[in-house]
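Now for the letters of each chain:
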Protein chains: 6
Amino acid sequence: MQDDIRDYRIPEEPYYRAVGEEVELYEAAYAVRMPMMLKGPTGCGKTRFVEYMAWKLDRPLITVACNEDMTASDLVGRYLLDADGTRWQDGPLTLAARHGAICYLDEVVEARQDTVVVIHPLTDNRRVLPLEKKGELVKAHADFQLVISYNPGYQSLMKDLKQSTKQRFGALDFGYPEAEVEREIVTHETGVDGDTAGKLVSVAERARNLKGHGLDEGISTRMLVHAGSLIQRGVPPLAACRMALVRPLTDDPDMRDALDAAVTTFF
Amino acid sequence: MQDDIRDYRIPEEPYYRAVGEEVELYEAAYAVRMPMMLKGPTGCGKTRFVEYMAWKLDRPLITVACNEDMTASDLVGRYLLDADGTRWQDGPLTLAARHGAICYLDEVVEARQDTVVVIHPLTDNRRVLPLEKKGELVKAHADFQLVISYNPGYQSLMKDLKQSTKQRFGALDFGYPEAEVEREIVTHETGVDGDTAGKLVSVAERARNLKGHGLDEGISTRMLVHAGSLIQRGVPPLAACRMALVRPLTDDPDMRDALDAAVTTFF
Amino acid sequence: MQDDIRDYRIPEEPYYRAVGEEVELYEAAYAVRMPMMLKGPTGCGKTRFVEYMAWKLDRPLITVACNEDMTASDLVGRYLLDADGTRWQDGPLTLAARHGAICYLDEVVEARQDTVVVIHPLTDNRRVLPLEKKGELVKAHADFQLVISYNPGYQSLMKDLKQSTKQRFGALDFGYPEAEVEREIVTHETGVDGDTAGKLVSVAERARNLKGHGLDEGISTRMLVHAGSLIQRGVPPLAACRMALVRPLTDDPDMRDALDAAVTTFF
Amino acid sequence: MQDDIRDYRIPEEPYYRAVGEEVELYEAAYAVRMPMMLKGPTGCGKTRFVEYMAWKLDRPLITVACNEDMTASDLVGRYLLDADGTRWQDGPLTLAARHGAICYLDEVVEARQDTVVVIHPLTDNRRVLPLEKKGELVKAHADFQLVISYNPGYQSLMKDLKQSTKQRFGALDFGYPEAEVEREIVTHETGVDGDTAGKLVSVAERARNLKGHGLDEGISTRMLVHAGSLIQRGVPPLAACRMALVRPLTDDPDMRDALDAAVTTFF
Amino acid sequence: MQDDIRDYRIPEEPYYRAVGEEVELYEAAYAVRMPMMLKGPTGCGKTRFVEYMAWKLDRPLITVACNEDMTASDLVGRYLLDADGTRWQDGPLTLAARHGAICYLDEVVEARQDTVVVIHPLTDNRRVLPLEKKGELVKAHADFQLVISYNPGYQSLMKDLKQSTKQRFGALDFGYPEAEVEREIVTHETGVDGDTAGKLVSVAERARNLKGHGLDEGISTRMLVHAGSLIQRGVPPLAACRMALVRPLTDDPDMRDALDAAVTTFF
Amino acid sequence: MQDDIRDYRIPEEPYYRAVGEEVELYEAAYAVRMPMMLKGPTGCGKTRFVEYMAWKLDRPLITVACNEDMTASDLVGRYLLDADGTRWQDGPLTLAARHGAICYLDEVVEARQDTVVVIHPLTDNRRVLPLEKKGELVKAHADFQLVISYNPGYQSLMKDLKQSTKQRFGALDFGYPEAEVEREIVTHETGVDGDTAGKLVSVAERARNLKGHGLDEGISTRMLVHAGSLIQRGVPPLAACRMALVRPLTDDPDMRDALDAAVTTFF
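In this text the structure is predicted, and so the values were computed from the model without any measurement.

### Focus on the relation of the copies chain D and chain E
Right, on to step 1. Relative to chain E, chain D is turned by 60° and slid 0.0 Å along the rotation axis, the superposed coordinates differing by an RMSD of 0.0 Å. On this basis, the relationship between the two copies can be described by a six-fold rotation axis.
Right, on to step 2. When the interface residues of chain D are mapped onto chain E, a mere 2% of them again fall at the interface, so the copies present different faces.

Following this line, the structure appears as structure tokens:
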């Protein structure tokens, strides 16, 4: 059935390895229904964390990958034409607000600043969502919470959240996990042995030091999991690292050589 | 039912702590139905003030969060396709004009300058709203009033109201409340004791002095309420302030350290 | 009923205080159905003048507040979807042309230059309006006249009327009225005594001298009427002037102080 | 009835005062159905000339005022939704091509260069118009001809016709008429005596010398007709010239004084 | 009937005067169904050549005049609303692919680079056209071929074909014909005697030498045919050349004088 | 039938000449359903490789030629209006995700960065595709895989994939094949003898050295196949090379001469 909120439940506990107090702080924020902003680089686990918290708090999770073409209607809903005339279709934000889900706006800086404005009435003490096209004022379900993610590395003059939006959220920082933790994650997710996982983490650390010195981003935990999966599948480590870590990261020949050399150092 | 103006009544007296003559001045402006412009930084209480006045004057309040994609039709209304052909749907501005509500255009500078022009005939002595698409000339209800909010800190060459719009409004300035008043507000809204509230206000004052020296905006009263709620919930004050005051405000490492230090000074 | 041209009649004589020969000149222009352009700053009475002339000439008046999003269809009309298929809906310009109304395009420079082009066939000796979407050629009613307003202070490289448009119009200049006349207007519109009205006019004259020296526009007659209404309502003159004259005009602290000082001088 | 081509016939001989061989040359061009381009400043009589030629050649005339928002569909036609589904509505260009009218695209540089491309198949030896949306290939009626007007003074880098368009047309230059001829036109169109008409022409000549020295365009014949009409109506010549010649032309105070002085010299 | 492919057959042999091996080379390219790109200045006969080849190869020819507003749907097709719901309407490209026509995209650089991308699957060994909106994969008819035209003189940074498009085509260069050949063409197309045709060609050669020295393009063969037609019609040669060769080409007074002088030299 | 996934099966083994380990590496990546990015210049065989792998892995292949006008709806699907109201039409990405096809987004950098964001939930461990307009959460079929192609030579500041997209993919580099391999390919695809094929490859190598020295791209294998086909058809080698290799590559007269000379050297 359409709009069945049960589709959005997380059926099983997602694997999440906490790296600090983030789980407890999030629980306190949820307790007062404070809107939350998760900050950090790509592939460091923000999305997995929200899935884990939704599971832990036993709430449905509605995720929206934001993009610049997204209009307010894509969030809020629109009229569709039916055999019997028009029928209102709730957008993901409205669906979450009505049914008490957690609504997660992924990469919110991609959305047009001004589309983001529609979340304002949901993020102050009013907790309402006016559906102007429908002439309805939705009062948010008591369990509803809004979460956004945000990569500070991408913020620019053109694309940043307005202060009047930011100040409506509490914020948690995310980064790449410590080496030990990351090795544990790679082992768990791919099945490679701890030694191989450790070498992959070492390659990543080398690359992360190059961020801002020719690389826009470091190697993420997600990429290490890719490389580990290939190795576990029988691909030689050098080929696996080239394919999963180096080639996706950069087209610059010098950076490639430097990263390939780093791979050779460890494998 | 759709468009039920009763949905827009404020059922209970909102908590509002007056900081000057603003309540009396607003009442006089409403008495002569002068359109009003509320100026001030984000999170200082402009929206709460309008809610309070709507309650006090016993008028419905229709709030529109303005954004750049908003067209004149979003304010005024449009035809919808129905089983029996097209049906006119009043927009929020028309709804307010017909039923004598207060219409509050929040962050009006976000709207395209030229969309704003549709409010002109409602803000001079004509007090009419031509629905050009429908071929109807709506005469505003005697109780109708238009209110807009405006953050002077955001005004820029691209986004400012035109003089021909500004001159149609009376204006009231809003700022952060005095320390004593703000402490009272934080205590009232979060339940923390006066001492904790006072410390939070002191942190805010420190940060507000940095506005223009590395910070785009100061810490707002709304953020203090966030921090107080977390503390009241059992989160340690340092973690609560990082999460609710510092992290949302800035990504700059030096500013963060300065703000974290300010928090440590008081807690 | 929709499109009822009688809605657009001016029922009572509007208050208009002539400041020169403008009434006679306009009557001559109307007698030869010359399209007219009213030039002058915001709030000086151009709109009121057109209402007065429409009343005097006993013609309906259809006013369009121009904006950048306005398309040719918004002026001319469009097909609407009905239970029985599409139905043509005349736009305000077509309505006026058919029924012999005066059509007033307010702030015409706001409209896209190229949308303005649709008025060309109505403003030369052809006096026709081709409805291209409908395949109809509307011949203007003998009583039809087109009037536009225009604020020379806003003209810029991006937004100005084309010569091929301007040359189709006769033009009348409007400015702020002389002190005596303006005092009479403020007294008439607000009910304050002549002394108070005179002081308000003196404040305005001070501010108008600052135009171009930190102020984009001077204080308009409309703003004086706002201030007078508040004073008449019992608001102290200093507060009334701050709210109705100074705060709407500028956000610049120095300009505010200068204007506040001017107010204190007279009250 | 919709789309009735008879609406587009010119019922009576329009007044046109030939200034050279333009009538004979146009007849020859029409005889070989050469597409024509009329070049010249605003208000010099290009539109009147086309009306005259359409009357003389006994062809219907379909005029399109081009603008930047005009799409290919506005020229060519579109599907409309009807009670029985969609119905094709010919645009003005298609209407003219089917019925052998003269199609006049006024101020063609205003149209997007690339919309203009749809006229190409009608302007070479194919003389067809593909209605891509309808899947029909319209073969132009043997009497069809395309005419465009073009003001060289407006051409710019952004707005000019492409060579591949220009080269499809023969071209005729138009300018302001000689003094004697223009006096005759003003007399004929307004009824003023020859002396007054001569003075108006002298004012225009003075202003035309200022083109490029502070004026974008000179005073056109159309403006002289405006002034003459007002004088004939009893408006004093000085006021009539200010209103119909000077005020519409410029907002520059120095230019106004110069032009007002020129008026005083002659009247 | 709509979409009748027979409408697109060339009924009679078009006059085409080959200037080199282009007919044989095109036949070889068609034999291996290689997509073709015809390069050359405006009015030199590219369109006529394609018509001739379509006639010679006995294929229907579907021509699309490309423009910047053209969307992928304009090429590929779209759903139309019908009495019984939606009905798919093939676009010209789909029509050609289904029925084995030659599809000729005229002035393809005018189209948005990215709209052009839809032709890619038709121009490699797949020869398919995915109708994404319809969920159909059209396999091109064995006789289908794609031809584009391209004026290298217009290519700019903003408007050029991508290498990944260009490399899918074989290319043939076109230029103005040799003097003898061009004289033959003008004589054939207009009926003027060889001497007059020769003089017209001489004028053209003079003008073509000015290309890049004040002229954007030279005088094309098409323009010579225009001038010849007027002369044949009885227009004096000097007037005919001014109207058909000089006035359409340039607005620059000096260039006009130079070209007028060139005309006088020969006639 | 619409949407029949069987249409997208590759019926016969496509000719693909492996140049390295790419087949084995791709198989390992597919085994763990890692999303893949194929990098390399135009015409080097990326599309053919994906077809070959789809055939080898016995999966349907749905190819999307990306372009800037492509909206998220073009990938994901949309509602169509039907006799019985609206009907959902899966887009190619949804179709592939539901039925376990390989979805190949060709030239993905052409798509708007933000449209690309819709693939994110399909490329991490969630492997879901939220159809927001329909209110459905599609779980990807176990056999589904996403592949994108990417030409590093085109990447620019405006058009590049975001790191948060790139890091979701493993990557394989493609280039032009070694001379021996390329000769084998040309022979196989065109039927020319090995000597002729070898000469064509030599011409290509010469041109590839000019990349960055006046040529934007080298001669691709696809172009050599074009030239070989013409030669096999009887076109003299010099003419075939001019038409298939040189003319499509450049409009620069000096580069043309240099390339024509290179052709003459070998033939």
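Okay, back to it.
### Focus: the domain arrangement of chain A
All names here are of chain A.
Right, on to step 1. Structurally, chain A comprises domain 1 (6-173) and domain 2 (179-266).
Right, on to step 2. The distance between the C-alpha centroids of domain 1 and domain 2 comes to 32 Å.
Right, on to step 3. Contact with domain 1, which involves eight residues of that partner, is made by nine residues of domain 2.
Right, on to step 4. Summing both sides of the interface, domain 1 and domain 2 together bury roughly 830 Å²; the carbon and sulfur share of this comes to 52%.
Right, on to step 5. For the domain 1 face of the interface with domain 2, the top three residues by lost area are Tyr15, Arg17 and Gly43, together amounting to 62%.

### A look at the UniProt feature "domain: CbbQ/NirQ/NorQ C-terminal" (unreviewed entry) in chain A
Right, on to step 1. With numbering aligned to this structure, UniProt lists the feature "domain: CbbQ/NirQ/NorQ C-terminal" (unreviewed entry) at residues 182-265 of chain A.
Right, on to step 2. End C-alpha atoms of residues 182-265 of chain A are separated by 20 Å, and the span's content is 70% helix alongside 0% strand.

### Some points on the sheet that holds strand E2 (residues 61-65) of chain F
Residue and element names in this part refer to chain F.
Right, on to step 1. Pairing is parallel across the open sheet formed by five strands, whose spatial order is E2-E5-E8-E1-E9. If you trace the sheet from one side to the other, it starts and ends with E2 and strand E9 (170-173), each paired once. Adjacent strand axes in the sheet meet at a mean angle of 20°, parallel and antiparallel pairs treated alike.
Right, on to step 2. With four bridges connecting them, strand E1 (residues 36-39) and E9 associate as parallel partners. When the sheet's bridge partners are listed, Met37 is paired in E9 with Ala171.

### Points about the interface of chain D and chain E
Right, on to step 1. Listed by partner, the interface residues are 45 residues for chain D and 46 residues for chain E.
Right, on to step 2. In this assembly, chain D packs against chain E so that about 4000 Å² is buried in total across both faces, 50% of it on carbon and sulfur atoms.
Right, on to step 3. In this structure, the connection of chain D to chain E is made through four salt bridges.
Right, on to step 4. If you look at where chain D meets chain E, you find twelve residue pairs in polar contact (both at pLDDT 80 or more).
Right, on to step 5. Of all elements in the fold, only helix H1 (22-31), strand E1 (36-39), strand E3 (77-82), strand E4 (85-90), helix H5 (113-116), strand E7 (136-139), helix H6 (163-166) and strand E9 (170-173) of chain D reach the threshold of two or more residues within the side of chain D that touches chain E.
Right, on to step 6. The residue inventory of the side of chain D that touches chain E, partitioned by class, reads 19 nonpolar, eleven polar and 15 charged.

### Points about the packing of aromatic side chains
Given two aromatic rings, their pairing is described by the distance between the two centres and the angle made by the two planes.
Residue and element names in this part refer to chain A.
Right, on to step 1. For the structure on display, the rule yields 30 aromatic pairs over all chains.
Right, on to step 2. Between Tyr16 and Phe49, the aromatic rings sit 5.3 Å apart at their centres with planes inclined by 50°, giving tilted as the arrangement. Here Tyr16, found in the segment before helix H1 (22-31), pairs with Phe49, found in helix H2 (residues 46-56); they are 33 residues apart in sequence, far enough to count as distant.
Right, on to step 3. Here Phe49 falls in the buried class, since its relative accessible area comes to 0%.

### Quick notes on the sheet that holds strand E1 (residues 36-39) of chain A
Residue and element names in this part refer to chain A.
Right, on to step 1. As summarised here, the arrangement of the five strands in space is E2-E5-E8-E1-E9, forming an open sheet in which the pairing is parallel. Strands with a single pairing partner mark the edges of an open sheet, and in this sheet they are strand E2 (61-65) and strand E9 (170-173). For this sheet, the mean angle separating the axes of adjacent strands, direction not counted, is 20°.
Right, on to step 2. Strand direction decides the pairing type here: E1 and strand E8 (residues 145-150), joined by four bridges, are parallel. Considered in E8, the bridge of Lys39 is made with Tyr150.

### Here we look at the relation of the copies chain C and chain B
Comparison of the two chain copies shows a relationship of rotation about an axis with a shift along it.
Right, on to step 1. Screw-axis analysis of chain C against chain B gives a translation of 0.1 Å along the axis, an RMSD of 0.0 Å, and a rotation angle of 60°.
Right, on to step 2. Comparing interface residues between copies, only 2% of those in chain C also lie at the interface in chain B; the contact surfaces differ.

### Digging into the pairing of strand E6 (residues 128-131) of chain B
Right, on to step 1. Neither face of E6(B) is exposed, since Val128(B) and Pro130(B) on one face and Leu129(B) and Leu131(B) on the opposite face are all buried.
Right, on to step 2. Hairpin connection of E6(B) to strand E7 (residues 136-139) of chain B: four residues between the antiparallel strands, including Gly135(B) at a positive phi of 70°.

### Digging into the side chain of Glu182(D)
Residue and element names in this part refer to chain D.
Right, on to step 1. Along the chain, Glu182 falls in helix H7 (residues 179-190).
Right, on to step 2. According to the relative accessible area criterion, Glu182 is buried, its value standing at 1%.
Right, on to step 3. A distance of 2.7 Å separates the side chain of Glu182 from the side chain of Arg208, its partner in a polar contact.

### So, the pairing of strand E7 (residues 136-139) of chain E
Every regular strand shows the same layout, with side chains that alternate between the two sheet faces.
Right, on to step 1. When strand E6 (residues 128-131) of chain E meets E7(E), the two strands line up antiparallel, connected through four bridges. Pairing of Pro130(E) across the sheet is with Leu137(E), part of E7(E).

### Things to note about the interface of chain C and chain B
Right, on to step 1. On the side of chain B, 45 residues touch chain C, which itself brings 47 residues to the contact.
Right, on to step 2. Together chain C and chain B conceal approximately 3900 Å² of surface at their shared face, both sides included; 50% is due to carbon and sulfur atoms.
Right, on to step 3. Area buried by chain C at its contact with chain B is led by Arg222(C), Met243(C) and Asp251(C), which between them contribute 15% of it.
Right, on to step 4. Connecting chain C to chain B are four salt bridges.
Right, on to step 5. Joining chain C to chain B, the criterion identifies twelve residue pairs in polar contact (both at pLDDT 80 or more).
Right, on to step 6. Elements that contribute at least two residues to the side of chain C that touches chain B include exactly helix H2 (46-57), strand E2 (61-65), strand E3 (77-82), strand E4 (85-90), helix H9 (221-232) and helix H10 (237-246) of chain C.
Right, on to step 7. With five residues, the top contributor of residues to the side of chain C that touches chain B is H9(C).
Right, on to step 8. The residue inventory of the side of chain C that touches chain B, partitioned by class, reads 16 nonpolar, eleven polar and 20 charged.

### Remarks on the arrangement of the chains
Right, on to step 1. Nothing in chain A touches chain D; the tightest C-alpha to C-alpha distance between them is still 15 Å.
Right, on to step 2. The smallest C-alpha distance separating chain D from chain F is 11 Å, and no contact links them.

### So, the side chain of Thr196(A)
Right, on to step 1. Mapped onto the fold, Thr196(A) is located in helix H8 (residues 194-208).
Right, on to step 2. Among residues more than four places away in sequence, those in contact with Thr196(A) are Ile231(A) and Phe267(A).

### Topic: the packing of H1(D) against helix H2 (residues 46-56) of chain D
All names here are of chain D.
Right, on to step 1. As a packed pair, H1 and H2 sit with axes 11 Å apart at the nearest point and diverge in direction by 60°. When the axes of H1 and H2 are compared, the pair comes out oblique. Of the two possible hands of crossing, H1 and H2 adopt the one that is right-handed. Across the interface between the two elements, Glu22, Val23, Tyr26 and Glu27 from H1 touch Phe49, Tyr52, Met53 and Lys56 from H2.
Right, on to step 2. Here the contact of H1 with H2 is built from residues that sort into five nonpolar, no polar and three charged.

What counts, and at which threshold
Residues numbered from 1 in each chain as written. Chains lettered and ligands numbered in written order. Predicted model: local features only at pLDDT ≥ 70, side-chain atom pairs only at ≥ 80, totals over all residues. Heavy atoms only, no water. Least-squares fit on C-alpha atoms with pLDDT ≥ 70 in both. Contact = heavy atoms within 4.5 Å. Domains from an automatic or database assignment. Buried area = accessible area lost by both parts, 1.4 Å probe. UniProt positions renumbered as here; feature names shortened; annotations may be inferred. Helix = DSSP H or I, 4+ residues; strand = E, 2+ residues; numbered from the N terminus. Pairing = 2+ DSSP bridges. Axes fitted to C-alpha atoms, helices over the stretch in contact; angles between N-to-C directions. Salt bridge = Lys/Arg side-chain N within 4 Å of Asp/Glu carboxyl O. Polar contact = N/O pair within 3.5 Å; in protein donor to acceptor, adjacent residues only side chain to side chain. Nonpolar A, V, L, I, M, F, W, Y, C, P; charged D, E, K, R; others polar. Phe/Tyr/Trp six-rings, centres within 6.5 Å; stacked < 30°, edge-to-face > 60°. Buried < 20%, exposed > 50% of the residue type's maximum accessible area, 1.4 Å probe, protein only. Parallel < 35°, antiparallel > 145°, perpendicular 65-115°, else oblique. Left-handed = near helix turned anticlockwise from the far one by under 90°.

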